[in-house]
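Chain by chain, the residues:
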Amino acid sequence: MYKFLAILAVAGFSASGASAADIAGPIVGSAYDWSGIYAGAHLGVANGDITATDETLPTGGFFTDLVPAGTEGFDFNKAGVAGGAHIGAQYQWNQIVLGGEATWTVTGIKKTIVSPYFPDSDTETGKISNYVTAVGRIGYAFDRVLIYAKAGYAGGKVKFTARDNDALVTYEKNDWQSGYALGAGIDYAITDNLSLGVDYTHIDLGSKTSTGNNVFDDGTIGANPETYRTDAKVDAVMARVTYKFGMGQ
């Protein structure tokens, strides 16, 4: 992913011959105009990293037993197919293109592991079902080629489930988590309205704490509630097809 960003940066700086003073005025060095409202679809691969940390005091909760709270938990790392839709608007001054974009993406990020604490009975599952972004974009156009960077808000649905398959006891959280998105990409206009592109996005969904009943094997409720903190991140590479409704060409 870092090589991808470096290639975009080198291409942008090496191909640019315009100075900052050229920003005002008619489009120079770019016969194609990227200005307009656009919408499209994207499909690719998303790698999710989810951590669920047991914070139940004074020791770990039921699914980690006597492990000190805040020190142990469960890690899930899984790549899956992802895809969705995007919509945005942008305007071009000379070769500089500024805009904003919103995306919605469904992912196949889901992983179940055997508990390292109770391997004979317990399983844990981490899942990111979907996420959205709302970002600002800045780009540099070389006629029909547009290289851009982006940053803004990201939010997604993060699920964690701990299950005792012998006692049929389950702890589950399924919450919306919010954070930020950073990324870069390249688009190529194959017609005046249709473009193809490749986009990389790093999504940090932050952390969220959820509390539920601390249920023992015999079905009784423990004195302390079960509390987990989930942290989630996604790195996604998407192929994009976009239709521009135009203000320019």
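Structure first, text after, so check above.
Just so we're clear, the structure is a prediction, and the values are computed from it rather than from any experiment. (Residues numbered from 1 in each chain as written. Predicted model: local features only at pLDDT ≥ 70, side-chain atom pairs only at ≥ 80, totals over all residues. Heavy atoms only, no water.)

Of regular secondary structure, the protein possesses one helix and eight strands. Helices and strands appear in the protein in the N-to-C order α-β-β-β-β-β-β-β-β. Buried positions account for 43% of the 249 residues belonging to the protein. Considering only intrachain contacts with a sequence separation of at least 6, the fraction spanning at least 24 residues in the protein is 72%. Roughly 11,600 Å² of accessible area belongs to the protein as shown, and the carbon and sulfur atoms make up 62% of that amount. (Helix = DSSP H or I, 4+ residues; strand = E, 2+ residues; numbered from the N terminus. Buried < 20%, exposed > 50% of the residue type's maximum accessible area, 1.4 Å probe, protein only. Contact = heavy atoms within 4.5 Å. Areas by Shrake-Rupley, 256 points an atom, 1.4 Å probe, with all protein chains shown as cover.)

Once that is clear, we can look at the sheet that holds strand 8 (residues 226-244). One closed barrel holds the eight strands; their spatial order is 1-2-3-4-5-6-7-8, and the pairing between them is antiparallel. With strand direction ignored, the average angle separating the axes of adjacent strands in the sheet is 15 degrees. Here 10 bridges tie strand 6 (residues 169-189) to strand 7 (residues 194-212), and the two strands are oriented antiparallel to one another. Residue pairing across strands places Ala189 opposite Ser195, the latter belonging to strand 7. (Pairing = 2+ DSSP bridges. Axes fitted to C-alpha atoms, helices over the stretch in contact; angles between N-to-C directions.)

This next bit is on the pairing of strand 3 (residues 96-114). Examined bridge by bridge, strand 2 (residues 73-93) and strand 3 share 12 bridges and lie antiparallel to one another. Paired with Ala85 across the bridge in strand 3 is Trp104. Linkage of strand 2 to strand 3, two consecutive antiparallel strands, is achieved through a turn of two residues, within which Asn94 is found at a positive phi near 50 degrees.

Counting residues in each nonpolar core, the largest one holds 28 residues, and the members touching the most others are Ile128, Phe160 and Val234. A per-element tally of this core places strand 8 first, with five residues. In this structure, Tyr32, Trp34, Ala141 and Ala189 belong to the second largest nonpolar core, which totals six residues. (Core = buried A, V, L, I, M, F, W, Y, C linked by side-chain atoms within 4.5 Å.)

All told, the structure shown has 12 aromatic pairs when counted by the stated rule. Ring plane angle 75 degrees and centroid distance 5.6 Å describe the contact between Phe74 and Tyr117, whose orientation is recorded as edge-to-face. One end of the pair, Phe74, is in strand 2; the other, Tyr117, is in the loop between strand 3 and strand 4 (122-142), with 43 residues separating them in the sequence. Classification of Phe74 by relative accessible area gives buried; the value is 1%. Relative to Phe142, the ring of Tyr140 has its centre 5.0 Å away and its plane inclined at 50 degrees; by these criteria the two rings are tilted. Counting every residue linked through ring pairs, the aromatic cluster contains Phe74, Phe76, Tyr117, Phe160, Tyr171 and Tyr228. Note that Arg137 overlies the ring of Tyr148, its terminal NZ or CZ placed 3.9 Å from the centroid. (Phe/Tyr/Trp six-rings, centres within 6.5 Å; stacked < 30°, edge-to-face > 60°. Lys NZ or Arg CZ within 6 Å of the ring centre and 35° of its normal.)

Our next topic: the environment of Ile186. Along the chain, Ile186 falls in strand 6. Counting along the chain gives 47 residues from Ile186 to Gly139, while the straight-line C-alpha distance between them is 9.0 Å.

To continue, consider unusual backbone geometry. In this chain, Leu57 is followed by Pro58 through a cis amide linkage whose omega measures 5 degrees. If you trace the backbone, Pro58 turns up in the loop between strand 1 (36-54) and strand 2. For Asn94, which is not glycine, the phi dihedral falls at a positive 50 degrees. As for its placement among the helices and strands, Asn94 is situated in the loop between strand 2 and strand 3. Although it is not a glycine, Asp143 sits at a positive phi angle of roughly 60 degrees. Assignment of secondary structure puts Asp143 in the loop between strand 4 and strand 5 (145-164). Accessibility expressed as a relative area gives 31% for Asp143, which makes it partly exposed.

Time to look at the pattern of salt bridges. For the structure on display, the rule yields eight salt bridges. When the shortest N-O distance is used, the salt bridge between Arg137 and Glu101 registers 3.4 Å. With a gap of 36 residues between them, Arg137 in strand 4 and Glu101 in strand 3 connect regions that are remote in the sequence. Here Arg137 and Glu101 have matching classes, each one buried. A salt bridge links Lys173 to Asp175; the shortest N-O distance between them is 3.6 Å. Counted as one network, the salt bridges with shared partners bring together Glu55, Arg229 and Asp231. (Salt bridge = Lys/Arg side-chain N within 4 Å of Asp/Glu carboxyl O.)

Take it as geometry only, folks, not as evidence of what the structure does.
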